[in-house]
Amino acid sequence: MDVLINVFVALHIIGIASLLGGFLTQMKAMGAGTARFVPAMLHGALTMLVTGVALVGIHQAEGHTVNNLKIGIKLAILVVILGLVYVKRDEEKVDKGLFGAVGGLTMANIFIATLWV
């Protein structure tokens, strides 16, 4: 079971890398006002959602305790990110504030995952 958990953790990290990488590649365009949500951002957020749910399920199935408050907050942030990226994915330009909010929420999710014990 440890191998399965490690595979899902790796896929979860790949998802966050895709979401954050897509954001970072558009930073210059954000300054020019031409930033857009790239497909990698949507796919990364979806990967994070699926693997995160799987990880929580596996941990609970093994009888481990899960910090439901932490997981709930991370899930809420991810749902907001996913909603914004999904709704605005076909637009040629996204408002700077909205695009920055997705980047900030992504960073918040990373810090919650790593700093909240």
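Residues numbered from 1 in each chain as written. Predicted model: local features only at pLDDT ≥ 70, side-chain atom pairs only at ≥ 80, totals over all residues. Heavy atoms only, no water.

Draft legend 1. Just the overall build of the protein chain, in detail. Each helix and strand counted, the protein chain has five helices and zero strands in total. In the protein chain, the succession of α and β elements from N to C terminus is α-α-α-α-α. Its C-alpha atoms give the protein chain a radius of gyration of 15 Å, near enough to 13 Å, the size a compact globule of 117 residues would have. Projecting the C-alpha coordinates of the protein chain onto the three principal axes gives extents of approximately 50 × 25 × 20 Å. In the protein chain, buried positions account for 34% of the 117 residues. (Helix = DSSP H or I, 4+ residues; strand = E, 2+ residues; numbered from the N terminus. Rg over C-alpha atoms; globule rule 2.2 N^0.38 Å. Buried < 20%, exposed > 50% of the residue type's maximum accessible area, 1.4 Å probe, protein only.)

Draft legend 2. Molecular detail of the packing of aromatic side chains. Per the counting criterion, the structure on display carries two aromatic pairs. Look at Phe23 and Phe99: their rings are 5.1 Å apart centre to centre, the planes differ by 20°, and that puts the pair in the stacked class. Of the two residues, Phe23 is situated in helix 1 (residues 2-25) and Phe99 in helix 5 (residues 96-115); the sequence distance between them amounts to 76 residues. Assessed through its relative accessible area of 0%, Phe99 is described here as buried. Taken together, a centroid distance of 5.3 Å and an interplanar angle of 25° make the contact between Phe37 and Phe99 stacked. Highlighted residues: Phe37 in the loop between helix 2 (27-32) and helix 3 (39-61) and Phe99 in helix 5, separated in sequence by 62 residues. Take Phe37 and Phe99: they sit in the same class, and that class is buried. What links up through ring pairs into an aromatic cluster is the set Phe23, Phe37 and Phe99. (Phe/Tyr/Trp six-rings, centres within 6.5 Å; stacked < 30°, edge-to-face > 60°.)

Draft legend 3. Layout of the nonpolar core. Formed by 23 residues in total, the largest nonpolar core has its most connected members in Phe37, Met41, Ile81, Val85, Phe99 and Val102. Elements represented by at least two residues in this core include exactly helix 1, helix 2, helix 3, helix 4 (68-88) and helix 5. In terms of residues, this core owes the most to one element, helix 4, which gives five residues. (Core = buried A, V, L, I, M, F, W, Y, C linked by side-chain atoms within 4.5 Å.)

Draft legend 4. Broad picture of the environment of Lys70. With respect to the helices and strands, the residue Lys70 is situated in helix 4. Taking the C-alpha atoms as reference, Lys70 lies 7.6 Å from Trp116; in sequence the two are 46 residues apart. Setting aside its immediate chain neighbours within four residues, Lys70 contacts Ile112, Ala113 and Trp116. (Contact = heavy atoms within 4.5 Å.)

Draft legend 5. Up close: helix 1. Counted at 1.5 Å a residue, the expected span for helix 1 with its 24 residues is 34 Å, and the 34 Å between its end C-alpha atoms agrees. Within helix 1, the full set of buried residues consists of Ile5, His12, Gly15, Ile16, Leu19, Leu20, Gly22 and Phe23. (Expected span 1.5 Å × (residues − 1).)

Draft legend 6. Broad picture of the packing of helix 1 against helix 5. Across the interface, helix 1 lies against helix 5 with an axial gap of 10 Å and an inter-helix angle of 145°. For the crossing formed where helix 1 meets helix 5, the hand is left-handed. Seen from helix 1, the contacting residues are Ile16, Leu19, Leu20 and Phe23; seen from helix 5, they are Phe99, Gly100, Gly103, Thr106, Met107 and Ile110. Partitioning the contact of helix 1 with helix 5 into residue classes produces seven nonpolar, three polar and no charged. (Axes fitted to C-alpha atoms, helices over the stretch in contact; angles between N-to-C directions. Left-handed = near helix turned anticlockwise from the far one by under 90°. Nonpolar A, V, L, I, M, F, W, Y, C, P; charged D, E, K, R; others polar.)

These values are about where atoms sit, not about what they do.
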